[in-house]
Amino acid sequence: MADATSKDHREHRQLTPRISSNGATGVHRSRTHRMADRVPPIESHRLTVNGVLTHVVHISYSNRVFMLISQTGKMGTVMHVQAPSDMGEGGGGVSVEAQTLIGQRSDDALDVYARRVYEAVCAKARLPLMLSLALSDLSPANLAALLAELQRALQEPCRSAQ
């Protein structure tokens, strides 16, 4: 029995769902050490921004960054933010494109927040940012406090894909 236990330990596999081309579901077995090689670095922070508890999740993939910033415990509005690919390195200012994918499309303050978070966190690496914002206060003072806390909390905000 001890041999079976040690064999099970050596042969530990992680089950992941798989959908075949005909729509049937099944289970795909993959070795966990292969999965661990592909897991991106994940940071999770609990910050206090103007007296409000703010949850931040930061995941750096090789080709983009995902960041969730929530003061409400919800996902909020999901946005895609990036610098245009045709901009030169030595441009005067960084022009940033923000596109709302899911959520409030009519709130210009969310666009401002998304652009400013990108400029503070990802502009140097020039990686696209998937940003989820659920904030209780969209004032300029809250934005400044949020940016200061983000820069303090994130050691390596975005890594270049090079």
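Peer 1: Even after reading the chapter, I still don't get the pairing of strand β6 (residues 77–82), so can you show me in this structure?
Peer 2: The element β6 is largely enclosed, with a buried count of five among its six residues. Relative to strand β8 (residues 129–134), β6 runs antiparallel, the two being bridged by five bridges. Bridging from a neighbouring strand, H80 pairs with M130 of β8.

Peer 1: In this structure, what is going on with the sheet that holds β8? I would like to understand it.
Peer 2: By definition, the strands of a sheet pair up through backbone hydrogen bonds, in either a parallel or an antiparallel sense. If you trace the six strands from one edge of the open sheet to the other, you get β3-β4-β5-β8-β6-β7, paired in mixed fashion. Only two strands of the sheet have a single partner each, and these edge strands are β3 (42–49) and β7 (97–102). Ignoring strand direction, the axes of neighbouring strands in this sheet form an average angle of 20°. As paired elements, β6 and β7 share five bridges and run antiparallel to each other. Residue pairing for β7: H80 is matched across the bridge by Q99. Across the sheet, helix α4 (residues 140–153) lies against β3, β4 (52–60) and β5 (65–70), angled at about 140° from β3, the strand it touches most.

Peer 1: Explain α4 here, please?
Peer 2: Since there are 3.6 residues in each turn of an α-helix, residues three or four apart along the chain are aligned in direction. The first and last C-alpha atoms of α4 sit 20 Å apart over 14 residues, in line with the 20 Å expected at 1.5 Å per residue. On its buried face, α4 sits against β3, β4, β5 and α3 (108–121).

Peer 1: What exactly am I supposed to notice about α3 here?
Peer 2: Between its terminal C-alpha atoms α3 stretches 20 Å, which fits the 20 Å expected from 14 residues at 1.5 Å a residue. Along α3, the residues classified as buried are L110, D111, Y113, A114, V117, Y118 and V121. One side of α3 carries all its buried residues, which in axial view fall inside an arc of 160°. Those residues of α3 that are buried are in contact with β5, β6, β7, β8 and α4. Its side-chain oxygen 3.1 Å from the backbone nitrogen of A109, D107 forms the N-cap of α3.

Peer 1: Is there a simple way to explain the nonpolar core in this structure?
Peer 2: Note on soluble globular proteins: their nonpolar side chains tend to be buried together. Counting 32 residues, the largest nonpolar core has M67, I69, V117, L129 and L150 as its most contacted members. The set of elements that each furnish at least two residues to this core consists of β3, β5, β6, α3, β8 and α4. Not counting the four nearest positions on each side in its chain, L150 is found in contact with L47, V56, M67, I69, V117 and V121.

Peer 1: Honestly, unusual backbone geometry in this entry has me stumped. Any pointers?
Peer 2: Trans is the prevailing form of peptide bonds, just as negative phi is the prevailing case for residues other than glycine. In this structure, N50 is a non-glycine residue whose phi angle is positive, near 50°. As for its position among the elements, N50 is in the loop between β3 and β4. Positive phi values are uncommon outside glycine, yet R126 reaches one of about 55°.

The rules behind these values
Residues numbered from 1 in each chain as written. Predicted model: local features only at pLDDT ≥ 70, side-chain atom pairs only at ≥ 80, totals over all residues. Heavy atoms only, no water. Buried < 20%, exposed > 50% of the residue type's maximum accessible area, 1.4 Å probe, protein only. Helix = DSSP H or I, 4+ residues; strand = E, 2+ residues; numbered from the N terminus. Pairing = 2+ DSSP bridges. Axes fitted to C-alpha atoms, helices over the stretch in contact; angles between N-to-C directions. Contact = heavy atoms within 4.5 Å. Expected span 1.5 Å × (residues − 1). Arc of directions from axis to C-beta. Polar contact = N/O pair within 3.5 Å; in protein donor to acceptor, adjacent residues only side chain to side chain. Core = buried A, V, L, I, M, F, W, Y, C linked by side-chain atoms within 4.5 Å.

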